[in-house]
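Each chain is listed here by its residues.
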Amino acid sequence: MATALQRVKGTRDLLPPETAVWSAVESRARAVFSRYGYGEIRTPILEPTELFVRSIGEATDVVGKEMYTFADRKGRSVTLRPENTASVVRAAIEEGLVGQPGPHKLFYIGPQFRYERPQKGRYRQFHQIGAELLGDPGPWTDVELLAMLVAFLRELGFTSPKVLLNTLGDAPSRLAWSGALADYLRPFRDQLGEDSRHRLEINPLRILDTKLPHERLLLDGAPTLDDFLSDASREHFAGLRAGLERLGIEYAIEPRLVRGLDYYTHTVFEIVATGLGAQNALCGGGRYDRLVEDLGGPPTPSLGFAIGEDRLLDVLPESFRSSVATAPPVLVVGAGGTPTLDLLEIVESLRAAGEFAELGGRTLKAAFARADRLGCQYAVVCGPDELAAGEVTVRDLRSREQRRVLRDELVATLRNG
Ligand code: HAM
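Engineer: Is there a simple way to think about the pattern of salt bridges in this case?
Structural biologist: Close approach of charged atoms lets side chains of opposite charge pair. Applying the stated criterion across every chain yields a total of 28 salt bridges. A salt bridge links glutamate 18 to arginine 321; the shortest N-O distance between them is 3.0 Å. With glutamate 18 in helix 1 (residues 18–35) and arginine 321 in helix 12 (residues 318–323), the pair connects residues that are 303 residues apart, well separated along the chain. For arginine 321, a relative accessible area of 22% corresponds to the partly exposed category. One salt bridge connects arginine 42 with glutamate 40, and the closest N-O pair in it is separated by 3.1 Å. For arginine 42, a relative accessible area of 70% translates into the label exposed. Judged by relative accessible area, which is 31%, glutamate 40 ranks as partly exposed. What you see here is one network of salt bridges that share partners, running through Arg28, Arg35 and Glu155.

Right under this line is the structure:
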């Protein structure tokens, strides 16, 4: 026997019936997002490597360690997208969207790729449901975007999604804060772990993300952004908070929330979920007012979020899951050697009328056992007698009643009982 092949490490096969739940979640996202005026964008999975280097940032883990990057046959460096925001911005510039009156509201659903160490909730191919709003400085659009995110999660049955919120200020505020943080930490350099020592040189703010208890203790005395925030940033953040409060959106300020991608300015947020273990971030996002310009477009303040769909499915409330169960089929069964083709013809006529129908089993016994397993309500039995008379027997598997009807009346009988 030939050796069976295995999927690439960190990727997954998704099979029925779980895929039906994925589809239902995605349909709900489409429905909610379109109510807020968002249209779907589909960008290529493959992009020029430079796009991510210039947007996510060279000093980030994503660009530094996690990208699937390779040379194509002509030696050009291409990358499987590790996230979708950069691609959306590239497309919006390339397709001439930005520059036209906005805001432009776009959502996406699709696979992303990061070469991370796989564990529960962390894959090398994972999926995101995300939205981007290009061309509005906020803060009301920040409020609206978060309202949409929370509305979507509520419709999936999450009762009280809580947004963890922070501001990174504008670029000058952030630069001043980052410098002060580095100055504060440098005397403690020897006490820092290897990761943080590296970050101290290239991206000090990321040290705030540390999970090491002794580093967290050190950070308790560190300067906070609050000392460096410009008036404009302060106003933006205050507006956002007032808006969230007015709309009854629960949030908590999380001063250490800095996010792992370099393009953020002002608002950043995450939603975490219990039950996910160490990889508990269900969703992340924020404002990126400079990114469109940095990628060669006109000034276009923007923001967005992405939900990790794999993680979302892991903690999906049972109420939504159980609402997805598909109706069991009507089983069409032969008796006394009815030719399969005759049965198949009946099955096809039911399907053409919009019913779920399948061929039963080889014997009545096998068919009824299968109907039981699938939870079917009806079986349609067709023996030689029925066949000759242009009729079928409809059997209600729950009440065990049955009656013969003309083939032409079959669909109406199934629908009306
Ligand atoms: P991110 O925080 O890197 O942000 O990813 C968003 C979400 O994707 C995470 O909260 C997590 O649920 C999921 N995720 C990330 N990596 C993995 C993985 N290896 N396995 C499973 N799930 C994962 C972004 O990607 C930004 N583009 C979000 C954004 C949109 N910001 C502005 N607009």
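Engineer: Is there a simple way to explain the environment of glycine 57 in this structure?
Structural biologist: Structurally, glycine 57 is set in the loop between helix 2 (49–55) and helix 3 (61–65). A relative accessible area of 9% means that glycine 57 is categorised as buried. Taking the C-alpha atoms as reference points, glycine 57 and aspartate 262, separated by 205 residues in sequence, lie 5.3 Å from one another. Sequence-distant contacts of glycine 57, that is, excluding residues within four places in its chain, are made with Phe52, Val63 and Asp262.

Engineer: Looking at this structure, how should I read the nonpolar core?
Structural biologist: Note that soluble globular proteins tend to have their nonpolar side chains buried in a common cluster. In terms of nonpolar packing, the biggest core is built from 47 residues, with Phe33, Phe152, Phe305 and Leu312 touching the most fellow members. The greatest single-element share of this core, amounting to ten residues, is contributed by helix 5 (residues 140–155). Ile41, Ala182, Tyr288 and Val292 belong to the second-largest nonpolar core, a separate cluster that totals 43 residues.

Engineer: Mind showing me how you'd approach a nonpolar patch on the surface here?
Structural biologist: Taken together, the side chains of Leu341, Leu344 and Leu359 present a nonpolar region at the surface, about 260 Å² in accessible area. Take leucine 341: it is sitting in helix 13 (residues 340–352). Judged by relative accessible area, which is 67%, leucine 341 ranks as exposed.

Engineer: Sorry if this is basic, but what is going on with the sheet that holds strand 2 (residues 46–48) here?
Structural biologist: Strand pairing in a sheet relies on backbone hydrogen bonds, with the paired strands running either antiparallel or parallel. Read across the sheet, three strands follow the order 2-4-3 without closing on themselves; strand pairing throughout is antiparallel. Single-partner strands in this sheet number two, and they are strand 2 and strand 3 (68–71). Recorded for the sheet is a direction-independent mean angle of 35 degrees between the axes of neighbouring strands. Where strand 3 and strand 4 (residues 77–80) come together, four bridges link them in antiparallel fashion. Bridging across to strand 4, alanine 71 finds its partner in serine 77.

Engineer: Sorry if this is basic, but what is going on with the site of the ligand here?
Structural biologist: Neighbouring the ligand are 27 residues, the closest being Glu83, Thr85, Glu116, Tyr264 and Ala281. One of the side-chain nitrogen or oxygen atoms of glutamate 116 is found 2.6 Å away from a nitrogen atom of the ligand. In the environment of the ligand, an oxygen atom lies 3.2 Å from a nitrogen or oxygen atom belonging to the backbone of leucine 282. Contact with the protein chains removes 95% of the 660 Å² of surface that the ligand exposes when unbound. Residues of the shell around the ligand, tallied by class, amount to twelve nonpolar, eight polar and seven charged.

Engineer: Any chance you could explain helix 13 here in plain terms?
Structural biologist: Two residues of an α-helix separated by three or four positions point the same way, owing to the 3.6 residues in each turn. The end-to-end C-alpha distance of helix 13 is 18 Å, a good match for the 18 Å that 13 residues give at a rise of 1.5 Å each. Glycine 354, located one to two residues past helix 13, shows a positive phi value of around 95 degrees.

Engineer: So what exactly am I meant to see when it comes to the sheet that holds strand 16 (residues 402–406) here?
Structural biologist: The strand order across the open sheet built from five strands is 13-12-14-15-16, with neighbouring strands paired in mixed fashion. Looking at strand neighbours, the two that pair on one side only are strand 13 (357–359) and strand 16, the edges of this open sheet. Averaged over all pairs of adjacent strands, the angle between strand axes in this sheet comes to 30 degrees, irrespective of strand direction. Bridge count between strand 14 (residues 378–382) and strand 15 (residues 391–396): four bridges; the pairing is antiparallel. Opposite valine 381, over in strand 15, you have threonine 393 as the bridge partner. Running at roughly 170 degrees to strand 13, helix 13 makes contact with strand 12 (330–334), strand 13, strand 14 and strand 15 of the sheet. Packing against the sheet, helix 14 (residues 364–374) makes contact with strand 12, strand 13, strand 14 and strand 15, and its axis sits at approximately 170 degrees to strand 12.

Engineer: Sorry if this is basic, but what is going on with the side chain of arginine 199 here?
Structural biologist: On the secondary structure map, arginine 199 appears in helix 7 (residues 194–202). The residues contacting arginine 199, other than those within four sequence positions of it, are Asp61, Pro204, Arg206 and Ile207.

Engineer: Looking at this structure, I do not really get the packing of aromatic side chains. What am I missing?
Structural biologist: A ring pair, where both rings are aromatic, is described by two values, the distance of the centres and the angle of the planes. Scanning the entire structure with this criterion turns up seven aromatic pairs. For the pair phenylalanine 33 and phenylalanine 107, a centre-to-centre distance of 5.6 Å together with 70 degrees between the ring planes defines the contact as edge-to-face. Placement of the pair is phenylalanine 33 in helix 1 and phenylalanine 107 in strand 5 (residues 104–113), with a sequence separation of 74 residues. This pair shows no difference in class: phenylalanine 33 is buried, exactly as phenylalanine 107 is. Between tyrosine 68 and tyrosine 115, the aromatic rings sit 5.5 Å apart at their centres with planes inclined by 70 degrees, giving edge-to-face as the arrangement.

Definitions and cut-offs
Residues numbered from 1 in each chain as written. Predicted model: local features only at pLDDT ≥ 70, side-chain atom pairs only at ≥ 80, totals over all residues. Heavy atoms only, no water. Salt bridge = Lys/Arg side-chain N within 4 Å of Asp/Glu carboxyl O. Helix = DSSP H or I, 4+ residues; strand = E, 2+ residues; numbered from the N terminus. Buried < 20%, exposed > 50% of the residue type's maximum accessible area, 1.4 Å probe, protein only. Contact = heavy atoms within 4.5 Å. Core = buried A, V, L, I, M, F, W, Y, C linked by side-chain atoms within 4.5 Å. Patch = residues over 30% accessible without salt bridge, like charges linked within 9 Å, V, L, I, M, F, W, Y side chains within 5 Å. Areas by Shrake-Rupley, 256 points an atom, 1.4 Å probe, with all protein chains shown as cover. Pairing = 2+ DSSP bridges. Axes fitted to C-alpha atoms, helices over the stretch in contact; angles between N-to-C directions. Near = heavy atom within 4 Å. Polar contact = N/O pair within 3.5 Å; in protein donor to acceptor, adjacent residues only side chain to side chain. Nonpolar A, V, L, I, M, F, W, Y, C, P; charged D, E, K, R; others polar. Expected span 1.5 Å × (residues − 1). Phe/Tyr/Trp six-rings, centres within 6.5 Å; stacked < 30°, edge-to-face > 60°.

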